[in-house]
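# Analysis of the macromolecular model
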Amino acid sequence: MRNRSIILTILFYCLILSVGHAQFSPSIKNYSLAEYKAANQNWDISRAENGKVYVANSSGLLEYDALLWKLYQLPNNTTVRSVLTVDDIVYTGSYEEFGYWQKDGFGVLKYHSLSDTILEKISPNEDIWGIVKFKDKIIFRSFSNIYIYDYKSVVQLKSNSLIISFSVIEDNLYVSTLSEGIFLLKDNTLEPFYFNDVLINTKIISINKYDDKLLLMTSLKGSYFLKNNKLISTNFQINEKIKQHQLNDFSILKNGEMVFGTIKDGVFLTDNSGNLKFHVSKENGLVNNTVLGQSLDSSDNLWLGLDNGIANIELNSTNYFFNDVSGKLGAVYDIISFKGVIYIGTNTGLFRLDTNQKLEFVEGSQGQVWDLTIIGDELFCGHNEGTFLVDDNTFKKISGFTGGWTIKKVPERSNTYIQGTYSGLVKFEKKEGEWTVKHFDKAMIPSRFLVFENAHTAWVAHETKGIYKIRFDDNYQTIQSVENYQQKGISSNYNIRVYNIKNDISFKTSEGWQKYEPILDSIVPYKLLNTKLGKHSYIISEDDTNLFALKNDEGFINFKSFTNDDEQLVLSDDFLKNRYIVGYENVSKINDSVYALNLDNGFMMINSTTPSNYALDKPKIEMVAVGGVPINLSEITNDEVCFNFNENITIELSSARSVNHFFEYKISNTDNLWYKIDGNKVEFSSLKDGNYTISFRTGSNSGTVSPALDLQIDILPPWYRDTFGFLLYVLIAILTGIIFYVMQKKKIEKEQRLIKIKYQKEQQKLLREKTLENEKQIVELKNEALQREIKLKSKQLANNAMALVKKNETLQEIKKELTVNKEGFNSHYSFKKLLKKLENSIVLKDEWEVFENNFSQVHDEFFERLKAKHAKLTPKDLKICAYIKMNLSSKEIAPLMNISARGVETHRYRLKKKLDLENDISITDYLLNFK
């Protein structure tokens with residue numbers, strides 16, 4: 001199996017090399033000034049073992065953790081010229097300054113100056129242009145001096161000539177000068193190693209081991225071999241290029257391939273014999289052509305510090321891009337290899353790669369190309385204007401039915417094909433060496449997706465109207481039926497893709513995968529594909545192969561197999577996300593192991609036998625801050641952080657070796673859901689007190705995840721639920737008990753006092769009530785006495801009145817007798833005198849006043865109230881009212897009034913009128929009840 005993989009890889013390289021170097025390039029990721037937010041010039045670059053990238057920038061030191069860029073400035077804010085990472089320490093050189101950066105206990109990168117220890121020895125206006133690790137020392141170099149740091153002190157070595165470069169080869173450090181040749185560093189001294197007049201005023205960029213000799217790379221004179229004290233030109237093919245474009249940096253890959261970074265024309269990659277493989281420049285994707293510094297990491301990824309930007313080139317990948325920066329190519333829709341020539345179908349027409357590795361337009365093909373298919377020994381081109389046969393550089397039209405989206409062979413028929421076009425289905429049939437074309441009028445359905453269920457049944461998908469089942473007659477002369485499956489279980493009628501996967505008619509909708517169930521004649525969910533391929537992934541390659549190319553909603557493309565779960569190739573969208581032809585992504589099979597992915601202004605050649613190298617590393621905690629204040633990471637024991645309630649905790653993560661990744665977390669105490677982190681920091685707040693386990697992991701849009709990193713956090717309870725709080729509660733309880741006891745005692749005393757006062761008040765009240773009752777009884781007794789007295793007086797008054805009546809009656813009788821017997825009197829005067837006395841005795845005014853006064857006393861001012869209510873009553877009326885009040889009859893009243901009883905009745909009648917009494921109301925009842 002290993003030998004087969006090697007053979008396929010060699011064939012893949014041969015294919016790439018056969019179509020030329022000029023247009024093909026590895027994957028390139030550019031970082032612009034807008035992304036890293038520093039100066040444009042990047043003088044040197046180095047990637048640490050932990051995966052972080054450090055760049056010597058004109059504004060300071062840049063750090064990249066594969067997600068975010070950070071800028072660290074020197075104390076004097078000068079330009080950083082050189083950088084080297086050793087373990088977790090970053091060494092930098094600057095203007096009259098060099099030293100190292102190291103993270104403190106809080107995870108903050110801090111600068112420590114080494115040049116401060118030898119300030120008196122630093123030459124004026126000196127820049128440190130290079131740093132290497134040699135044995136157990138760190139060596140810094142400027143153009144005039146070498147500084148040796150043994151982790152204790154710094155030693156300075158001066159040179160009589162300009163120092164251009166130094167290189168470490170095995171146990172030797174070679175120092176190249178401008179005019180005095182090459183030296184070796186021995187015991188803190190420079191010993192001459194080699195001198196040749198050819199090297200005078202020559203900038204030796206680097207010295208490397210090459211087989212059993214040394215390889216010298218120069219800036220403008222090409223490359224040389226040095227062996228047995230002899231200098232020989234290498235005659236590498238690349239020599240002329242590096243002379244022309246001025247070599248500035250050089251690296252050798254583990255496999256012996258060489259990388260040349262130039263000042264004028266980007267990067268050249270050669271094999272170990274100096275033959276050009278790739279040229280990466282601004283013409284095919286590099287952001288800038290001036291390479292100021294370059295570095296190969298442990299996996300042979302190339303990092304470039306450019307005059308304007310930073311770039312990463314995946315030299316360890318066997319996938320390559322064909323880029324057309326001229327814009328002639330346009331959007332690519334299909335790629336195919338036919339008779340050893342690569343044909344490219346685009347929105348501008350059909351192109352081919354000629355023998356000189358240049359794009360060549362196929363004349364007459366202008367317009368949209370949809371599909372390229374090899375049928376037998378012929379190449380079909382489905383075009384906006386119809387269908388064409390392509391042979392070499394000829395373009396012959398065989399069908400005028402526009403929009404040839406796809407063409408499929410009819411099962412069980414050797415020379416019959418059905419094509420899906422703008423206007424429905426078209427039959428192609430080869431007879432006697434010529435192609436005949438027939439359009440089926442019955443199915444006028446735009447048919448971009450077409451598959452066969454069996455020899456006489458096909459399925460087509462309409463962009464907005466769902467799917468249709470088409471039945472052909474036995475000879476494929478007509479369509480027997482067109483059945484719409486809009487209402488037969490399909491979850492959506494828009495943008496459906498239809499495939500024949502393992503003899504199952506399968507549909508990809510916005511809701512996931514479904515399939516046709518013949519027994520039910522309905523469309524049902526397809527659990528197998530939803531699980532195997534992914535609910536949100538759709539196939540962008542041929543569906544009749546074992547290896548599927550899938551694209552998911554996140555932009556990743558991966559290859560999956562039904563027979564081998566371990567066989568999986570994932571393409572990162574880091575290099576592809578802005579170049580997809582969205583909705584028309586297509587992976588074309590070039591040979592058994594090589595595929596081509598269509599892109600905007602180019603395509604990508606994919607070697608499916610090479611496993612993905614996008615492994616995800618477990619996250620690393622870079623910084624922890626509680627309440628905005630960083631804590632010392634060394635104080636985190638057993639991966640546990642303890643802090644107070646109501647404080648927030650911020651955690652900064654990194655996974656610098658991971659590619660195109662993000663971070664996720666979950667809190668095991670609350671739920672098991674993973675939440676995506678925006679960026680590299682996450683803040684937790686409003687957590688209840690207690691112990692939590694927070695798990696972090698690195699994830700990618702392809703669905704892969706790293707092992708989890710667990711962090712224990714212990715949130716202390718608030719003071720009111722802590723020991724102090726409980727002690728305070730006990731104290732408060734005791735004080736409350738004491739206060740309650742004292743208050744209760746006072747309350748009892750107060751209540752007793754109040755009860756005593758209340759009892760006294762009740763006693764007083766009872767006494768008052770008894771007194772009042774006694775007084776009331778006395779009053780009642782007095783009232784009873786008064787009533788009795790009134791009754792007595794009334795009785796006396798009545799008796800007096802009756803006595804007066806009797807007296808008056810007696811006097812009247814005496815008067816009458818005297819009048820009858822007046823003749824018996826001797827003296828008329830005596831008679832008159834006696835008669836007058838009798839008359840005066842009958843009616844006495846004083847007697848009436850006495851009677852009226854007594855009557856008023858008995859009957860509560862009867863006269864005043866009667867006169868107040870009836871103002872028209874005369875004194876005579878009042879007398880009669882008083883007599884009636886005393887319940888005297890008319891006969892009894894007559895003598896008192898000195899009138900007849902009839903006169904009394906007449907007066908009573910008139911009195912009733914004055915009193916305004918109704919006829920049914922008795923005057924006696926009225927006056928008796930008058931108050």
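Analysis parameters
- Sequence order as written defines the numbering, with residues in each chain counted from 1.
- Local features in this predicted model are restricted to residues whose pLDDT is 70 or higher, and side-chain atom pairs enter the listing and the counts only when it is 80 or higher, whereas totals over whole chains, interfaces and linings include all residues.
- Note: side-chain values were computed over all heavy atoms of the structure, leaving out hydrogens and water.
- In this text, helices come from DSSP runs of H or I with a minimum length of four residues, and strands from runs of E with a minimum of two, each type numbered from the N-terminal end.
- The quantity called the radius of gyration is restricted to C-alpha atoms. Its globule counterpart is 2.2 Å times the number of residues to the power 0.38.
- In this scheme, a residue with accessible area under 20% of its type's maximum is buried, one over 50% is exposed, and one in between is partly exposed, where area comes from a 1.4 Å probe on protein chains only.
- By definition in these notes, contact holds between two residues if any of their heavy atoms fall within 4.5 Å.
- Every accessible area reported is derived by Shrake-Rupley at a probe size of 1.4 Å, with residue values counting cover from the shown protein chains alone.
- Stacked, edge-to-face and tilted labels apply to pairs of Phe, Tyr and Trp rings (six-membered ring for Trp) whose centres lie within 6.5 Å, assigned for plane angles under 30 degrees, over 60, and everything in between, in that order.
- One speaks of a salt bridge when a side-chain nitrogen belonging to Lys or Arg is within 4 Å of a carboxyl oxygen belonging to Asp or Glu.
- Residues grouped as a nonpolar core are buried Ala, Val, Leu, Ile, Met, Phe, Trp, Tyr and Cys residues, joined through side-chain atoms within 4.5 Å.
- Like charges are joined within 9 Å and nonpolar side chains (Val, Leu, Ile, Met, Phe, Trp, Tyr) within 5 Å, but only among residues with over 30% relative accessible area and no salt bridge; these make up the patches.
- In this description, a line fitted to the C-alpha atoms serves as the axis of each element, helices being fitted only across the stretch in contact, and the angle between N-to-C directions of two axes falls anywhere from 0 to 180 degrees.
- Here the angle decides the label: under 35 degrees means roughly parallel, over 145 means roughly antiparallel, 65 to 115 means roughly perpendicular, and every other value means oblique.
- Crossing handedness is read from the near helix: turned anticlockwise from the far helix by less than a right angle, it gives a left-handed crossing, and turned clockwise, a right-handed one.
- Under the convention adopted here, Pro, Cys and the residues Ala, Val, Leu, Ile, Met, Phe, Trp and Tyr are nonpolar, Asp, Glu, Lys and Arg are charged, and Gly plus all remaining residues are polar.
- Here a polar contact means two N or O atoms within 3.5 Å. Within protein one must be a hydrogen donor candidate and the other an acceptor candidate, and residues neighboring in sequence count only if both atoms are side-chain atoms.

When you go through the protein chain residue by residue, the secondary structure sums to 12 helices and 66 strands. Computed over its C-alpha atoms, the radius of gyration of the protein chain comes to 62 Å, more than 25% above the 30 Å expected for a compact globule of 931 residues. In terms of overall dimensions, the protein chain has a C-alpha envelope of 215 × 95 × 40 Å along the principal axes. Put simply, the protein chain has 931 residues, and 50% of those count as buried. In the protein chain, the share of contacts with a sequence separation of at least 24, taken over all contacts with a separation of at least 6, comes to 48%. For the protein chain, the accessible surface area stands at approximately 46900 Å², while carbon and sulfur atoms represent 50% of it.

Turning next to the packing of aromatic side chains. Applying the stated criterion across every chain yields a total of 47 aromatic pairs. Centroid distance Phe 559 to Tyr 595: 5.3 Å. Interplanar angle 55°. Geometry classified as tilted. Here Tyr 595 lies in strand E56 (residues 594-599) and Phe 559 lies in strand E53 (residues 557-561), a separation of 36 residues in the sequence. Comparing Phe 559 with Tyr 595 shows no difference in burial state: the two are buried.

This brings us to the pattern of salt bridges. Tallied over the entire structure, the rule returns 26 salt bridges. Ionic pairing is found between Asp 127 and Arg 81, a salt bridge with its closest N-O pair at 3.7 Å. With a gap of 46 residues between them, Asp 127 in the loop between strand E10 (109-113) and strand E11 (130-134) and Arg 81 in strand E7 (residues 80-86) connect regions that are remote in the sequence. Residue Asp 127 is classed as buried on the basis of its relative accessible area, which comes to 14%. Linked through salt bridges whose partners overlap, the residues forming this network are Lys 52, Glu 63, Lys 103 and Glu 622.

With that settled, the discussion passes to helix H9 (residues 875-885). For H9, the buried fraction is high: eight of the 11 residues fall into the buried class. Trailing H9 by a residue or two, Asn 887 shows a phi angle of about 65°, which is positive.

Of all hydrophobic cores here, the largest spans 30 residues; its most connected members are Phe 24, Leu 304, Ile 335, Ile 344 and Phe 603. Tallying contributions element by element places strand E28 (residues 302-306) first for this core, with three residues. Beyond its immediate sequence surroundings of up to four residues, Leu 304 is in contact with Ile 45, Val 267, Leu 286, Val 291, Gly 293, Gln 294, Gly 309, Ile 310, Ala 311 and Ile 313. Core analysis: the second largest hydrophobic core is formed by 27 residues, Ile 539, Phe 575, Leu 576 and Leu 599 among them.

Turning our eyes to something else, we now look at a nonpolar patch on the surface. Residues Val 730, Leu 731, Ile 734, Leu 735, Ile 738, Ile 739, Tyr 741, Val 742 and Met 743 make up a contiguous nonpolar surface patch of roughly 870 Å² in combined accessible area. Among the secondary structure elements, Ile 739 is positioned in helix H5 (residues 723-820).

Two elements in contact, helix H8 (residues 862-869) and H9, have axes separated by 11 Å at closest approach and are oriented at 125°. In terms of orientation, H8 and H9 fall into the oblique class. At the point where H8 passes H9, the crossing takes the right-handed sense. Residues Phe 862, Phe 863, Leu 866 and Lys 867 of H8 touch H9, and the partners they reach there are Leu 878, Cys 881, Ala 882 and Lys 885. A per-class count over the contact of H8 with H9 returns six nonpolar, no polar and two charged.

Another aspect to go through is unusual backbone geometry. Positive phi, normally seen in glycine, also occurs at Lys 135, with a value near 55°. Unusually for a residue other than glycine, Asn 503 sits at a positive phi of about 65°. Structurally, Asn 503 can be placed in the loop between strand E47 (497-501) and strand E48 (504-509).

Moving on, we come to the packing of helix H10 (residues 890-897) against helix H11 (residues 901-914). Viewed as axis vectors pointing N to C, H10 and H11 meet at an angle of 100°, and their least axial separation amounts to 8 Å. On the basis of their axis angle, the class for H10 and H11 is roughly perpendicular. On H11, the residues touching Ser 890, Lys 891, Ile 893 and Ala 894 of H10 are Ala 901, Val 904, Glu 905 and Arg 908. Residue classes in the contact of H10 with H11 are distributed as four nonpolar, one polar and three charged.

Moving on, we get to H10. Burial within H10 is extensive, with six of its eight residues counted as buried. All of the buried residues along H10 are Ser 890, Ile 893, Ala 894, Pro 895, Leu 896 and Met 897. Among the residues trailing H10, Asn 898 stands out with phi positive, at a value near 60°.

Inspection of the secondary structure puts Tyr 111 in strand E10. On the basis of relative accessible area, Tyr 111 is assigned to the buried category, the value being 17%. On a C-alpha basis, the gap between Tyr 111 and Asn 495 in space is 57 Å, while along the polypeptide they are 384 residues apart. Those residues in contact with Tyr 111 that lie beyond four places of it in its chain are Leu 74, Pro 75, Thr 92, Glu 97, Phe 98, Gly 99, Tyr 100 and Trp 101. Within the structure, Tyr 111 has its side chain in polar contact with the backbone oxygen of Phe 98 (distance 3.3 Å).

That's the geometry; what it means functionally is another story.
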